[in-house]
Amino acid sequence: MKWFPTATTKQRMSWRTRALPSNQNRTEPAETPRKPGRRSKKAIPQISTLAWYTTLVPLLLVLGITAIKDLVDDVARHKMDKEINNRTCEVIKDGRFKVAKWKDIQVGDVIRLKKNDFVPADILLLSSSEPNSLCYVETAELDGETNLKFKMALEITDQYLQREDTLATFDGFIECEEPNNRLDKFTGTLFWRKTSFPLDADKILLRGCVIRNTDVAHGLVIFAGADTKIMKNSGKTRFKRTKIDYLMNYMVYTIFVVLILLSAGLAIGHAYWEAQVGNYSWYLYDGENATPSYRGFLNFWGYIIVLNTMVPISLYVSVEIIRLGQSHFINWDLQMYYAEKDTPAKARTTTLNEQLGQIHYVFSDKTGTLTQNIMTFKKCCINGQIYGDHRDASQHSHSKIEQVDFSWNTFADGKFVFHDHYLIEQIQSGKEPEVRQFFFLLAVCHTVMVERTDGQLNYQAASPDEGALVNAARNFGFTFLARTQNTITISELGTERTYNVLAILDFNSDRKRMSIIVRTPEGNIRLYCKGADTVIYERLHRMNPTKQETQDALDIFASETLRTLCLCYKEIEEKEFAEWNKKFTAASVASVNRDEALDKVYEEIEKDLILLGATAIEDKLQDGVPETISKLAKADIKIWVLTGDKKETAENIGFACELLTEETTICYGEDISSLLHTRMENQRNRGGVYAKFAPPVQEPFFPSGGNRALIITGSWLNEILLEKKTKKSNILKLKFPRTEEERRMRTQSKRRLEAKKEQRQKNFVDLACECSAVICCRVTPKQKAMVVDLVKRYKKAITLAIGDGANDVNMIKTAHIGVGISGQEGMQAVMSSDYSFAQFRYLQRLLLVHGRWSYIRMCKFLRYFFYKNFAFTLVHFWYSFFNGYSAQTAYEDWFITLYNVLYSSLPVLLMGLLDQDVSDKLSLRFPGLYVVGQRDLLFNYKRFFVSLLHGILTSMVLFFIPLGAYLQTVGQDGEAPSDYQSFAVTVATALVITVNFQIGLDTSYWTFVNAFSIFGSIALYFGIMFDFHSAGIHVLFPSAFQFTGTASNALRQPYIWLTIILTVAVCLLPVVAIRFLSMTIWPSESDKIQKHRKRLKAEEQWKRRQNVFRRGASSRRSAYAFSHQRGYADLISSGRSIRKKRAPLDAIIADGTAEYRRTVES
């Protein structure tokens, strides 16, 4: 019987095989016998079975590449942080304003900001160049609104702190709240000049705001750096890892356990072998009288070293290389490049790509993310007649018609697009006075501020809708030109007329309307009102002949997802106005409940209104939003919209982007509150003595079938999730329990409350997830993050958050993956995101193409990597049964070193980078292919153990077929080429060919690069092997290269080549057969598409869902979006916003265009 030399044999007798000039192998004693002291290259000679470089070289390579990659990532982030920290502003130092960097700004500094500057910290506004130290700011970074807000300094600081010298000597003391994340709240007191002055949010400029329409503003820094409100809302930066990362780590732990078990089993085998054979074989005596158990203990560590390649050191660096390449593919994707703003897609992290293929929930902001935040006047209804369709001046409809030419209007802005020529004809002809009256109302009833720059009119509105309406009136010939404290000037078809403003009845969220009372040049008093149809219709005069026609028009506009607004007016008698004005003046100066008093007075005058018509504004969606949402829904991805906007606006956008349809049953906060309360009661009733033994009952909240959506506000969210803040007095009372019993009861009560809160939150998530769509409106940045966290916690689902403003940063950081849109709201969201691009529509390509491909590639890579390592390493295990379990390796040391680095690395890397089962067009056409990632079908423990089993079987074939072939072998020269080194070469050659051909079978997308890498790796193996087995390199490094002449000796034998071919065939043919059967009998969805890919090449065009309008059937109404806060009415009325240096208005024109009015008999 033949035997192979063991490590024990080699250590005791120091024999080795050498190639002789006669090409015949024989054994001879080595020139210098090995002694324990001579093995200095081994760390621990007793257990070292491999050369030091076999593990150290791959390890250093792995650590080096990983360190370089992390360094590049850190440098990129540091560079961006440095760019922001090094922004400059002016700070008072040594009595003068000097330029300083943001990072050097400290609390207490007085700073000067100029127009279009970003605010670097939370500051108290001290003074500005505007009248009464007003300061206009854009808060897009904070709340997503691009309309301007105003802030106003204290009267005392406005009066005394205008000059540089007075600002330098300012010695006020501020006492205020601690740093917090409440953007709309601030409480503080300024102590200065022996007087205290209350401070609120209207006097604070928050970091992230932009100074607009204000030349200079001065402020005192209250919070800086991480204490600012926007930074408090940003949340903690979380280290994000993919689901596959966690799974991969657990699998490595499993492999490590298997390694220990195998090593322990083989060590026991060696101890037994020593006791039975080794101690009784005189020729194996090594001069040491160690016991078999001690030798077994040493061999345990020896096998840990030999089998350490089961634990894949190079796996992590290979994964990083693949992720880096996939990130560059995202960056280079021209179909995600937005040419208008020269903005490419950007993968800002390289560690999350495959997670893009596993998303269950997408949480999206609305303003600037789904919409362009651009309001466009689309249609209107005047006197029961709808305008805005494609019609010529003769009222004939045309599918293709040129847009209206507004060149006749000197004030037209040149950007306004309208296609109904008949409306222009009506305005110019004056046949219907109501048409002119309609646009006059739009030009006069608002709180817009106007500026002239370079001869152009620039409007600044409190809401984008209001700006769109005033701009529309301007283009139709009714242009708002100027205003003072009590007058407003309008150009009416080229004729300027000035009206006295008697009162402005401003909007608030309860009134949902605004009115203005003006006196015409002829002396008539008239009230003009605009507002939501629900409140206007309640206040109309009973004799309104066009009421039903306007109602029908509103339904049509609603079905087209347009935002509507009703317009009406009223003639007021002089006596009636005088009486009302007394009440109005009294309410305006009321010291208690002023707002309620004003609302009551407003109600008295806003009645018996005459309806003029309605406007329809489009909150323009970004291109491709409905298509993207439709495709993501088909991929079983649920979309939740989280916005700070009002409920009606958010609902309207839901319909516009087809997240909601007419068939959708909408549930509101008050509806689900009762459902959740009932569920909690049922759970409490079931929670008796035997509750812990009963399985949890998963009852649906809604009956099966039907399409439901949930729309909930931030206040309802707090109430439902039990997030209401406890009153401070209650906290103080609960602070100090008196007795141990009281402390115990209090602890139990706290635990019960926590358990109740947790159960309530879980129930809410379960209910919300039963809905096809969820819209959360009026939510704060913190609430956005909380909703994302709840779904992560209770659904264990992979989440993605997408937004474009600083108010989305917390949500972006909380989700598994954050996507920033580089839109109109600054770069704060982009800087905190993992991926960024310019348009929401690119999300479908990011997920359905790049995400799915990355997931499939990574799963294939991991399955193959584990397989090839098991196949390689477990040959040592089978070899142990024939070498006395002596930890002798089955391969040459240099082959072990280079196997994962050179011989099998390139093909698997290229598969992980380039492979694709179907093309990008087909991936988008069939979103259902995405579900394999959501369900973890391609890489899990089952797949891992299949790879393990495959590797075990392959290693058995690789070892036992050459072993059987070598048992009774005679070469062409009559000698037996069955020595240890020839056997090692045979197994290694069969292994390299098998694993490289195996990856060829796993490759779905063949390119020249893939083919070259597979055959190139095999050729590289032969080239390096023949070089390492040459006599020349052995002469130079005799101790490192001991397989001299083995390759040329062994591979010249046809018998060995036949053995290699047989081994490879037995390894691969079963795989080919199984693949063929599975694709024929149980084909996957991608298999079917691959089979018919030529027929499916033409991409299917997405078609928008057709709206079916049913008269009077619409139960919803598109809503006009007023500002989130009050308008500019109080500023206008008080005159604080009017510049003192403004030139006086022209004399009132007595002879002008006839007054456009309509009288209705009571």
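For every chain, the first residue of its written sequence is number 1, and the numbers climb from 1 along that sequence. Local features in this predicted model are restricted to residues of pLDDT 70 or higher, and side-chain atom pairs are both shown and tallied only at a pLDDT of 80 or more, whereas totals for entire chains, interfaces and linings draw on every residue. In computing side-chain values, all of the structure's heavy atoms are included and hydrogens and water are not.

**A short note on the overall build of the chain**
Then step 1. Across its full length, the chain carries 38 helices and 34 strands.
Then step 2. Note on classification: 1.4 Å probe, protein chains only; a residue is buried when its accessible area is under 20% of the maximum for its type, exposed when over 50%, partly exposed between these limits. By the burial criterion, 54% of the 1162 residues in the chain qualify as buried.
Then step 3. For this analysis, residues touch if any pair of their heavy atoms sits within 4.5 Å. Once local pairs closer than 6 in sequence are excluded, the contacts in the chain between residues at least 24 apart make up 75%.
Then step 4. The method behind every accessible area is Shrake-Rupley, applied with a 1.4 Å probe, and residues are considered shielded solely by the protein chains displayed. Accessible surface computed for the chain: about 53,700 Å², of which carbon and sulfur atoms make up 56%. The way it works is that DSSP assigns letters per residue, a run of H or I at least four long becomes a helix, a run of E at least two long becomes a strand, and they are numbered from the N terminus.

**Description of unusual backbone geometry**
Then step 1. Its identity as a non-glycine residue notwithstanding, Arg 778 has a phi of 55°, on the positive side.
Then step 2. Tracing the sequence through the fold places Arg 778 in the loop between strand E31 (773-777) and helix H23 (781-795).

**Focus: the side chain of Thr 369**
Then step 1. Mapped onto the fold, Thr 369 is located in the loop between strand E16 (361-364) and strand E17 (371-382).
Then step 2. Polar contacts, as used here, are pairs of N or O atoms within 3.5 Å; protein pairs need one atom able to donate a hydrogen and one able to accept it. Residues neighboring in sequence count only if both atoms are side-chain atoms. Here the side chain of Thr 369 touches Asp 804 through a polar contact of 3.4 Å, side chain to side chain.
Then step 3. Among residues more than four places away in sequence, those in contact with Thr 369 are Ser 364, Gln 622, Ile 802, Gly 803, Asp 804, Ile 821 and Phe 840.

**Some points on the side chain of Asp 915**
Then step 1. Relative to the assigned elements, Asp 915 resides in the loop between helix H28 (905-914) and helix H29 (920-925).
Then step 2. At a separation of 2.8 Å, a polar atom in the side chain of Asp 915 contacts the main-chain amide nitrogen of Ser 1004.

**A closer look at the environment of Ile 775**
Then step 1. Secondary-structure assignment places Ile 775 in strand E31.
Then step 2. Along the chain, Ile 775 and Ile 711 lie 64 residues apart, while their C-alpha atoms are 4.7 Å from each other.
Then step 3. Contacts of Ile 775, omitting those with residues within four sequence positions, involve Val 641, Ala 650, Gly 654, Leu 659, Leu 660, Leu 710, Ile 711 and Ile 712.

**Considerations on the sheet that holds strand E8 (residues 148-152)**
Hydrogen bonding along the main chain pairs the strands of a sheet, whether they run parallel or antiparallel.
Then step 1. What makes two strands pair is DSSP finding at least two bridges between them. The three strands lie next to each other as E8-E7-E13, forming an open sheet whose pairing is antiparallel. Edge positions in the open sheet fall to E8 and strand E13 (210-212), since each of these has one partner strand only. Each adjacent strand pair in this sheet contributes to an overall mean axis angle of 45°, direction not counted.
Then step 2. Bridge analysis of strand E7 (residues 134-138) against E13 gives three bridges, and the strand direction is antiparallel. Directly across from Tyr 136, in E13, lies its bridge partner Arg 212. To define axes, lines are fitted to C-alpha atoms, for helices over the stretch in contact only, and angles between the resulting N-to-C directions are given on a 0 to 180 degree scale.

**Focus on the pattern of salt bridges**
Then step 1. Should a side-chain nitrogen of Lys or Arg be within 4 Å of a carboxyl oxygen of Asp or Glu, the pair is scored as a salt bridge. The final tally for this structure, using the stated rule, is 42 salt bridges.
Then step 2. A salt bridge links Glu 603 to Arg 513; the shortest N-O distance between them is 3.1 Å. Of this pair, Glu 603 sits in helix H16 (residues 594-605) while Arg 513 sits in strand E24 (residues 513-519); the two residues are 90 residues apart in sequence, bridging distant segments of the chain.
Then step 3. Among the charged side chains, a network of salt bridges with common partners joins Arg 511, Arg 513, Glu 538, Arg 539, Glu 603 and Glu 606.

**Remarks on the sheet that holds E17**
Then step 1. Read from one edge of the open sheet, nine strands run E18-E17-E27-E26-E25-E24-E23-E22-E21, paired in antiparallel fashion. Looking at strand neighbours, the two that pair on one side only are strand E18 (385-387) and strand E21 (478-483), the edges of this open sheet. Between one strand axis and the next, the sheet turns through 30° on average, direction left out of account.
Then step 2. Both strand E22 (residues 487-492) and strand E23 (residues 495-505) contribute to a ladder of six bridges, which runs antiparallel. Pairing of Ile 488 across the sheet is with Tyr 499, part of E23.
Then step 3. Along the sheet, H16 contacts E23, E24, strand E25 (525-531) and strand E26 (563-572); its crossing angle with E23, the most-contacted strand, is approximately 125°.

**Brief notes about the packing of helix H7 (residues 243-276) against helix H26 (residues 842-880)**
The relative placement of two packed helices comes down to the angle between their axes together with the axis-to-axis distance.
Then step 1. Viewed as axis vectors pointing N to C, H7 and H26 meet at an angle of 5°, and their least axial separation amounts to 13 Å. The angle between the axes of H7 and H26 places the two elements in the roughly parallel class. For the pair H7 and H26, the contacting residues are Ile 244, Met 248, Met 251, Ile 255, Leu 262 and Leu 266 in the first and Tyr 855, Met 858, Cys 859, Leu 862, Phe 866, Phe 870, Leu 874, Phe 877 and Ser 880 in the second.
Then step 2. Within the contact of H7 with H26, the residues separate by chemical class into 14 nonpolar, one polar and no charged. Note on terminology: angles under 35 degrees are roughly parallel, angles over 145 are roughly antiparallel, angles of 65 to 115 are roughly perpendicular, and the others are oblique. Lys, Arg, Asp and Glu make up the charged group, whereas Ala, Val, Leu, Ile, Met, Phe, Trp, Tyr, Cys and Pro make up the nonpolar group; the residues left over, Gly among them, are polar.

**Remarks on the packing of aromatic side chains**
Then step 1. Stacked, tilted and edge-to-face are the three classes applied to pairs of Phe, Tyr and Trp rings, where Trp contributes its six-membered ring and a pair requires centres within 6.5 Å; stacked means planes under 30 degrees apart, edge-to-face means over 60, and tilted covers the rest. Per the counting criterion, the structure on display carries 65 aromatic pairs.
Then step 2. When the ring of Phe 418 is compared with that of Phe 476, the centres are 5.2 Å apart and the planes differ by 90°; the resulting orientation is edge-to-face. Taken together, the positions of Phe 418 in the loop between E18 and helix H10 (421-429) and Phe 476 in the loop between helix H12 (464-475) and E21 put the pair 58 residues apart, joining distant regions of the chain. Accessibility classification places Phe 418 together with Phe 476 in one group, the buried group.
Then step 3. With a centroid separation of 5.1 Å and an interplanar angle of 15°, the aromatic rings of Phe 872 and Tyr 891 are classed as stacked. With Phe 872 in helix H26 and Tyr 891 in the loop between H26 and helix H27 (893-903), the pair connects residues that are 19 residues apart, well separated along the chain.
Then step 4. When its relative accessible area of 1% is taken as the criterion, Tyr 891 is described as buried.
Then step 5. A network of ring pairs unites the aromatic residues Phe 877, Trp 878, Tyr 879, Phe 881, Phe 882, Tyr 885, Phe 959, Phe 960, Tyr 966, Tyr 980 and Phe 983 as a single cluster.
Then step 6. Its end group placed over the ring of Trp 102, Arg 87 keeps NZ or CZ at 5.1 Å from the ring centre.
Then step 7. The residue whose ring lies beneath Lys 868 is Phe 865, and the NZ or CZ to ring-centre distance is 4.3 Å. Only lysine NZ and arginine CZ atoms are considered, and such an atom sits over a ring when it is within 6 Å of the ring centre and within 35 degrees of the ring normal.

**A few points about the nonpolar core**
Then step 1. Only buried residues count toward a nonpolar core, which is a set of Ala, Val, Leu, Ile, Met, Phe, Trp, Tyr and Cys residues joined through side-chain atoms within 4.5 Å. Grouped together as the largest cluster of nonpolar side chains are 89 residues, with contacts concentrated most on Phe 861, Leu 862, Phe 866, Tyr 891, Phe 895 and Leu 991.
Then step 2. Looking at this core, the element that brings in the most residues is H26, giving 18 residues.
Then step 3. With residues near it in sequence (within four places) discarded, Phe 861 still touches Leu 315, Ser 318, Val 319, Ile 322, Val 908 and Met 911.
Then step 4. Counting 58 residues, the second largest nonpolar core, distinct from the first, contains Val 404, Val 435, Ala 472 and Met 514.

**A word on the packing of helix H9 (residues 313-331) against H28**
Then step 1. Contact geometry for H9 and H28: axes closest at 9 Å, N-to-C directions at 35°. Classified by chirality, the crossing of H28 by H9 is right-handed. Between H9, through Ser 318, Ile 321, Ile 322, Gly 325, Gln 326 and Phe 329, and H28, the contact on the second element is made entirely by Val 908, Leu 909, Gly 912, Leu 913 and Leu 914.
Then step 2. Partitioned by chemical class, the residues of the contact of H9 with H28 number seven nonpolar, four polar and no charged. If you view the pair so one helix is near and one far, a crossing is left-handed when the near helix is turned anticlockwise from the far one by less than a right angle, and right-handed when it is turned clockwise.

**As for H10**
Then step 1. If you check which residues of H10 are buried, you get Tyr 422, Leu 423, Ile 424, Gln 426 and Ile 427.
Then step 2. Residues of H10 that are buried make contact with E17, E18, helix H11 (433-444) and E21.
Then step 3. Looking at where H10 begins, the residue whose side-chain oxygen comes 3.1 Å from the main-chain nitrogen of Tyr 422 is Asp 420.
Then step 4. A positive phi of about 70° marks Gly 430, the residue just after H10.

**Concerning the state of the cysteines**
Then step 1. Two cysteine sulfurs form what is called a disulfide whenever their separation falls within 2.5 Å. Inspection of every chain in the model, using the stated rule, returns zero disulfides.
Then step 2. Of all cysteine sulfurs in the structure, the one in Cys 776 sits closest to Cys 777, which takes part in no disulfide; the separation is 7.5 Å.

**Some remarks on the pairing of E7**
Then step 1. Among the five residues in E7, five count as buried, and that is most of the element.
Then step 2. Every second residue of E7 is oriented toward a common face, with Leu 134, Tyr 136 and Glu 138 on one face and Cys 135 and Val 137 on the other, all of them buried.
Then step 3. In this sheet, E8 lies alongside E7 in antiparallel orientation, the contact comprising five bridges. The residue bridging Glu 138 from the neighbouring strand is Leu 148, located in E8.

**Thoughts on helix H22 (residues 740-769)**
Then step 1. If you check H22, its first and last C-alpha atoms are 43 Å apart, about what 30 residues at 1.5 Å a residue would give, namely 44 Å.
Then step 2. Of all the positions in H22, only Arg 760, Gln 761, Asn 763, Phe 764, Val 765, Asp 766, Leu 767, Ala 768 and Cys 769 are classed as buried. Multiply 1.5 Å by the residue count of a helix minus one, and that product is the helix's expected span.

**A short note on the environment of Val 216**
Then step 1. Relative to the elements of secondary structure, Val 216 occurs in strand E14 (residues 216-223).
Then step 2. When its relative accessible area of 24% is taken as the criterion, Val 216 is described as partly exposed.
Then step 3. C-alpha separation for the pair Val 216 and Glu 130, spaced 86 residues apart in sequence, amounts to 8.1 Å.
Then step 4. Contacts of Val 216, omitting those with residues within four sequence positions, involve Arg 112, Leu 113, Ser 128 and Ser 129.

**Remarks on the confidence of the model for the chain**
Then step 1. Per-residue pLDDT for the chain has a mean of 81; in total, 83% of the residues score no lower than 70.
Then step 2. Every residue gets a pLDDT, meaning the predictor's confidence in that residue, from 0 to 100. Taken as a whole, residues 1-43 scores under 50 in pLDDT and shows 84 contacts with residues more than four places along the chain or in a different chain.
Then step 3. Across residues 725-734 the pLDDT falls below 50, and counting only partners more than four positions away or on other chains, this stretch makes four contacts in the model.

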